[in-house]
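# A structural walkthrough
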Amino acid sequence: MEKFEVFTGTAVPLRRSNVDTDQIIPAVYLKRITKTGYDDALFAAWRGEPDFILNQEPYKAGQVLIAGPDFGTGSSREHAVWALRDYGFKAVFSSKFADIFRGNSGKQGLLSGVITDADTEKLWQAIEAQPGIGATVDLVAKTVSVGSLTVNFEIDDYTRWRLLEGLDDIGLTLQNEQAIADFEAKRPSFKPQTLPAKGV
Amino acid sequence: MSNKPLTLAEKVWRDHLVVKGEDGSPDLLYIDLHLVHEVTSPQAFDGLRQAGRPVRRLDLTIATEDHNTPTLDIDKPIADVTSRTQIEALRKNAAEFGVRIHSLGDANQGIVHVVGPQLGLTQPGMTVVCGDSHTSTHGAFGSLAMGIGTSEVEHVLATQTLPLKPFKTMAINVEGTLRPGVTAKDIILAVIAKIGTGGGQGYVLEYRGSAIRALSMEGRMTICNMSIEAGARAGMVAPDETTYKFVQGRPHAPEGADWDAAVAYWKTLPTDEGAVFDAEVNIDANTLDPFVTWGTNPGQGVSLLDSVPDPASFTDPNERQAAESALKYMDLKAGTPMRDIKVNTVFVGSCTNGRIEDLRAAANIIQGRTKAKDVTMLVVPGSAKVRLQAEAEGLDQIFKDFGAEWRFAGCSMCLGMNPDQLAPGERAASTSNRNFEGRQGKGSRTHLVSPVVAAATAVRGTLSSPADLEPLEPLTTGIATLGNN
Ligand code: SF4
């Protein structure tokens, strides 16, 4: 996972509330066997509507999503985070996230920051005044800026640390590499191994 | 190390601790064996690929194809696209990462929980994981064996460890002697009916007592397999001579000095005198009958000699409601004797009861008898090796003569991911582990039973125990002398 410190990318105002995971990625896409390549599945039901925001030219390259309240509710599918990430989003802001979505996003390197409803509206207006403008997300300072507007966002310390360090669950465990290697060195020789294959 | 008496589960935990978690964070445990199959692994491998990580311990990892494999025409391409895609993905991933795989057509292909013990890879005192809830099966050897999710599969592939929070321990004491025709399956169905499908939540169960000690390894695996149906994270049986004998001589069993060292270690594992369990449950084996489910969860079971219960007899309003909807789904009337219930299909197989001993037990009952006309019987060995062994013993011929279908190995009708499914409204007596709505096909109705009850049911066409069958002339083959666990 890449380290996340300061990032600037095209801002997208998603003026919708209660965007659940089924809207983020419909169930039919869950049959796939990959963990990547879900960019086409993101908001699939809405992508057919010409006036949907991601169908509009300046927003197509979106990387920072500013959404209405209650984002990521519904089923716990990790695919919702994969789809946002694969599309190119690096950060999502909302005044309220579903807990499971937030947990999943932190593990996959997608920053989900909580902003106030008032700041959401201000960001929307600032972006809509200059479609295609970039938003700068500063995880060190915990701020998001569009033009001259800067607002604060909240994120828990643990997730922030993981994002700053670029650590996924596996990366975290591998910080114990020495302890794992020591344990392996002491494992008794009678423990079975699958290789070389026997009995075939 | 303190001298506090420990349970079996606590000892295995202690012996795999890599990092002790602090302030409520989980412990990091080392994983001795990781079993992989096609359904829960593709995204895990993809995650590794994306992060540029290798499989840390190829020598502690093994894959097989089971959930989606057809049980007929296994030499032809798999027709169902989703099934074929998953299987092809597993083959590709195994080749790319270097994971040992047993594919369809290979003698060691089969249900992942049958293959591990068969190869001697499952041994006492290990930690075993697999992206499948019935990994609890391997606890029969005195291993701590748990089902995990796809992101955990990736974690284990990359690190050979898993962050885990300690669980509570529950002793299930089963004392006494089983009556003829009563088997391991009946013990576990009775346990689940007693503690409920949520009764084991947060616990590792340890099955103890004289009735458990008297069981074969196959019987112990049947019991541990269904621990998950009681909501438990895992089930275990302490290793003993029966365990050692089962392991010894298998392809991956320790040899020579390693064998002696292994047995010496295994002998230290059983729960210490004076160790305290967080909960205890007692079951009297002497009075158990063959057990069978009437509802749509494995806890909704009764003695085969009983009747379909009246929902009104449940005091708990949730249970009453669950019983009402189960009877509706199952199309059963309260008060109907269980033995009057007619079935369309009998399924013998699955990781619960698809091992050689289960097939012997079923063959033993049907030999020399005739199948009920309108009943279809499907016999699906748990692994290709089990199939070969059964054929070497002539069991396949007994099944075929009886009119049963003799199939290739896999999960098959246990969950109907392959073409082996019940039609809507059809009713099965099944030796598998889940009787959920639609589990064996959309609208399917499942009664969970032991292999001998399944066999007797195929003879009579209604749920039956071997005791319901007319006596036969004494059998002349060796089959009759084989144990029925
Ligand atoms: S036989 Fe059934 S329960 Fe066992 S692994 Fe296969 S699908 Fe799961």
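As shown above, the structure is provided for reference.
Residues numbered from 1 in each chain as written. Chains lettered and ligands numbered in written order. Predicted model: local features only at pLDDT ≥ 70, side-chain atom pairs only at ≥ 80, totals over all residues. Heavy atoms only, no water.

Quick look at the packing of helix 13 (residues 356-366) of chain B against helix 16 (residues 451-460) of chain B now. Residue and element names in this part refer to chain B. Between helix 13 and helix 16, whose axes approach to 8 Å, the crossing angle comes to 30°. In terms of orientation, helix 13 and helix 16 fall into the roughly parallel class. Where helix 13 crosses over helix 16, the handedness of that crossing is right-handed. Facing helix 13, whose interface residues are Asp358, Ala361, Ala362, Ile365 and Ile366, helix 16 presents Pro451, Val452, Ala455, Ala456 and Val459. Each residue belonging to the contact of helix 13 with helix 16 can be placed in one class, and the counts come to 9 nonpolar, no polar and 1 charged. (Axes fitted to C-alpha atoms, helices over the stretch in contact; angles between N-to-C directions. Helix = DSSP H or I, 4+ residues; strand = E, 2+ residues; numbered from the N terminus. Parallel < 35°, antiparallel > 145°, perpendicular 65-115°, else oblique. Left-handed = near helix turned anticlockwise from the far one by under 90°. Contact = heavy atoms within 4.5 Å. Nonpolar A, V, L, I, M, F, W, Y, C, P; charged D, E, K, R; others polar.)

Every residue close to the ligand is listed here: His67, Ile111, His113, Asp132, His134, Ser350, Cys351, Cys411, Cys414, Leu415, Asn433 and Arg439 of chain B. Looking at the shell around the ligand, its residues break down into 5 nonpolar, 5 polar and 2 charged. (Near = heavy atom within 4 Å.)

Opposite the 53 residues of chain B that make contact, chain A presents 37 residues. When chain B packs against chain A, close to 3,500 Å² is buried across both sides, 57% of that on carbon and sulfur atoms. If you sort the residues of chain B by the area they bury against chain A, Gln43, Arg53 and Arg56 of chain B come out on top, with a joint share of 17%. The tally of links between chain B and chain A comes to 7 salt bridges. Considered class by class, the residues forming the side of chain B that touches chain A number 22 nonpolar, 19 polar and 12 charged. (Buried area = accessible area lost by both parts, 1.4 Å probe. Salt bridge = Lys/Arg side-chain N within 4 Å of Asp/Glu carboxyl O.)

All names here are of chain A. The mixed open sheet is built from 7 strands, whose spatial order is 4-3-2-1-5-6-7. Both outer strands of the open sheet, strand 4 (111-114) and strand 7 (149-152), are each paired with one neighbouring strand and no more. On average, adjacent strands in this sheet sit at an angle of 30° to one another, irrespective of strand direction. Pairing analysis gives 3 bridges linking strand 2 (residues 64-67) to strand 3 (residues 91-94), with the strands arranged parallel. Looking at the pairing, Val64 lines up with Ala91 of strand 3. (Pairing = 2+ DSSP bridges.)

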